[in-house]
Amino acid sequence: MRARIPGSKSITNRALLLAAAAVGTSRLRLPLVSADTIAFRTALTSLGVRIRTWEDDEVWEVTGAGRGPAGKACVRCEDAGTAARFLPPFAAVGHGRFVFDGSAQLKARPLGPLADTLSALGATVTTGTAGGGLPMTVESAGLDGGAVTVESSLSSQFLSGLLMAAPLMRRPLALTVDSLVSRPYIAMTLALMRRFGADVTERSADVIEVRPGGYVALDLTVEPDASTASYVFAAAAVTGATVTVPGLGHGSLQGDLRFVDVLRQLGARVDVTDSATRVTGEGPLRGGFRVDMGEISDTFMTLAAIAPLADAPITIRGIAHARLKESDRIAAVAQNLRALGVDTDEGHDWITVHPGAPTGARIACRRDHRIGMAFSVLGLRVPGVTLDDPSCVGKTFPGFHEELRRLFPSTSRPASPQRQGSR
Ligand SMILES: O=C(O)C1=C[C@@H](OP(=O)(O)O)[C@@H](O)[C@H](O)C1
Ligand SMILES: C=C(OP(=O)(O)O)C(=O)O
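Everything quoted here is computed from the prediction, not taken from an experiment.

Our next topic: the domain arrangement of the chain. One frequently used descriptor of interface size is the decrease in accessible area upon assembly of the parts. As assigned here, the chain comprises domain 1 (9-210) and domain 2 (226-407). Just the C-alpha atoms count here: the centres of domain 1 and domain 2 sit 29 Å apart. Facing 23 residues of domain 1, the contacting portion of domain 2 comprises 21 residues. Interface area for domain 1 against domain 2, summed over the two sides, is near 1700 Å², with a carbon-plus-sulfur share of 53%. Joining domain 1 to domain 2, the criterion identifies two salt bridges. For arginine 367, the salt bridge is made with aspartate 79, and the minimal N-O distance between the two is 2.9 Å. Between domain 1 and domain 2 we count nine residue pairs in polar contact (both at pLDDT 80 or more) in total. Only helix 1 (9-21), helix 2 (35-46) and helix 7 (184-195) provide two or more residues apiece to the side of domain 1 that touches domain 2. When residues of the side of domain 1 that touches domain 2 are assigned to their parent elements, the largest contribution, six residues, is made by helix 7. Tallied by class, the residues present in the side of domain 1 that touches domain 2 amount to 13 nonpolar, four polar and six charged.

Here is the structure:
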């Protein structure tokens, strides 16, 4: 079966930002159209960037002026971490006063290290709470660059935001990276910056230098989202089906494609070519291993939710930063597995899931799309798994439930609405 996986959120939102910073008109083909990318697009529009959509949203045309925004603006980031972390540095290379705000969920997420670094570079920054957080106000008259250290243990997005703004600074910027999580996202940022013409040098694993010179407009086709693909790959592994995702293969910019290596460890058959990835479920899942998912933490819930079906415990470690996302994801996974009758143990940066015979339960999604999608995969094997907020999937994959039902019509027990969630 060929899955229809929408475009990568991370590539779409980076490409939007880079196109807004470039000189000329860029075209993004097959962008993700979801709450997170629409929030990002709207936020850029409120910063004065011209964006047009074509062909039922299959092409987004972005016209950049080769500089940061000017004037005054209030910018809503909604639930999008990428908007809250990528847009303030872009504002800081502009001229004016910009206020960023977002949902209650986003307000609870850290921003302190980004505020500190922008201040160190010369912007005037205020944040909502002592520990950082929205609303954030950035006042600036452009940035000179220089040399700064970026504390990156809570999120890699601070560093990505600073890197993408750097070509618009007046002089070179040398960033020293401290305690980086989610490293593959930095590789993605650098790769896309280079495609848009930036001059970037990795001096060592932890020092990156960017020279001024801006960006040039680009025509870019967005790959399917690898984090989203993890749900259909896991679904293949637990149902014995074969699922192929065209357009995701060797050369992908997304670290989360490495989730298929975890499925291989569970006993699934995985074939990756230049143009597609295919997963086939081959009998019972084999547990009894520990895996560090710190670099691909958006997919740890996909593994944790199906782990009770394995024949031995599975420990996932390196995921402390997953407590700082749309929900405290370690706590959310543990709570829901226990509600299903599955034993779990957890620590600050790890969780162990024991084999079990899960019973049906109503999953508490905590407005976290990935909790909803991960447990829907378990619902293909366990009758009576429902979601308290099916619409939470709209952050990255509004058509998720329909696609899962299309792919698995006989096994799928729809994650039926008990209550329509409010977003
Ligand atoms: O840069 C990005 O596009 C992202 C980085 C990751 O966040 P952290 O760096 O906060 O782990 C990831 O969880 C998020 O979904 C997208
Ligand atoms: C953590 C996520 O999103 P963001 O940080 O971009 O809000 C995610 O999509 O799992």
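Before going further, it helps to examine the site of ligand 2. Looking at ligand 2, there are 14 residues lining it, with Lys9, Gly81, Arg109, Arg370 and Lys395 nearest. Take glycine 81: an N or O atom from its main chain is 2.8 Å from an oxygen atom of ligand 2. Surface burial for ligand 2 is 99%, taken as the share of its 300 Å² of free accessible area covered by protein chains. Looking at the shell around ligand 2, the elements with two or more residues in it are helix 3 (81-92) and helix 12 (369-378). Looking at the shell around ligand 2 residue by residue, the class counts come to one nonpolar, four polar and nine charged. Three or more residues apiece are contributed to the shell around ligand 2 by two domains, here domain 1 (9-210) and domain 2 (226-407).

Our next topic: the sheet that holds strand 14 (residues 269-272). Across the sheet, three strands lie side by side as 13-15-14; this open sheet has antiparallel pairing. Of all the strands in the sheet, just strand 13 (242-246) and strand 14 have a single pairing partner and so form its edges. The mean inter-strand angle of the sheet, taken between neighbouring strand axes irrespective of direction, is 10°. As defined by bridge partners, strand 13 adjoins strand 15 (residues 276-280) across five bridges and the pair is classed as antiparallel. Bridged to valine 245 within strand 15 is threonine 277. Strands in contact with helix 8 (residues 226-239) are strand 13 and strand 15; relative to strand 13, the strand with the most contacts, it is inclined by about 155°.

Turning to the site of ligand 1, a few remarks are in order. Around ligand 1, the surrounding shell holds 13 residues, and the nearest of these are Ser10, Ser156, Ser182, Asp298 and Lys325. A distance of 2.7 Å is found between an oxygen atom of ligand 1 and a side-chain nitrogen or oxygen belonging to arginine 14. Take lysine 325: an N or O atom from its side chain is 2.5 Å from an oxygen atom of ligand 1. Protein contact buries 96% of the 380 Å² of open area that ligand 1 shows by itself. Contributing elements (two or more residues each) for the shell around ligand 1: helix 1 and helix 3. Looking at the shell around ligand 1 element by element, the count peaks at three residues for helix 1.

With that settled, the discussion passes to the pattern of salt bridges. All told, the structure shown has 31 salt bridges when counted by the stated rule. Between arginine 29 and aspartate 219 there is a salt bridge, with its nearest N and O atoms 2.8 Å apart. Of this pair, arginine 29 sits in strand 1 (residues 23-29) while aspartate 219 sits in strand 12 (residues 219-221), and the two are 190 residues apart along the sequence. According to the relative accessible area criterion, arginine 29 is partly exposed, its value standing at 31%. The residue glutamate 209 makes a salt bridge to arginine 203 at a minimum N-O spacing of 3.2 Å.

Within the largest apolar cluster, 74 residues are counted, with the highest numbers of intra-cluster contacts made by Leu44, Leu87, Phe90, Phe100, Leu163, Met193 and Tyr215. Looking at this core, the element that brings in the most residues is helix 1, giving eight residues. Formed by 72 residues, the second largest nonpolar core is a distinct cluster that contains Ala234, Ala305, Val333 and Leu340.

Calculation rules
Residues numbered from 1 in each chain as written. Chains lettered and ligands numbered in written order. Predicted model: local features only at pLDDT ≥ 70, side-chain atom pairs only at ≥ 80, totals over all residues. Heavy atoms only, no water. Domains from an automatic or database assignment. Contact = heavy atoms within 4.5 Å. Buried area = accessible area lost by both parts, 1.4 Å probe. Salt bridge = Lys/Arg side-chain N within 4 Å of Asp/Glu carboxyl O. Polar contact = N/O pair within 3.5 Å; in protein donor to acceptor, adjacent residues only side chain to side chain. Helix = DSSP H or I, 4+ residues; strand = E, 2+ residues; numbered from the N terminus. Nonpolar A, V, L, I, M, F, W, Y, C, P; charged D, E, K, R; others polar. Near = heavy atom within 4 Å. Areas by Shrake-Rupley, 256 points an atom, 1.4 Å probe, with all protein chains shown as cover. Pairing = 2+ DSSP bridges. Axes fitted to C-alpha atoms, helices over the stretch in contact; angles between N-to-C directions. Buried < 20%, exposed > 50% of the residue type's maximum accessible area, 1.4 Å probe, protein only. Core = buried A, V, L, I, M, F, W, Y, C linked by side-chain atoms within 4.5 Å.

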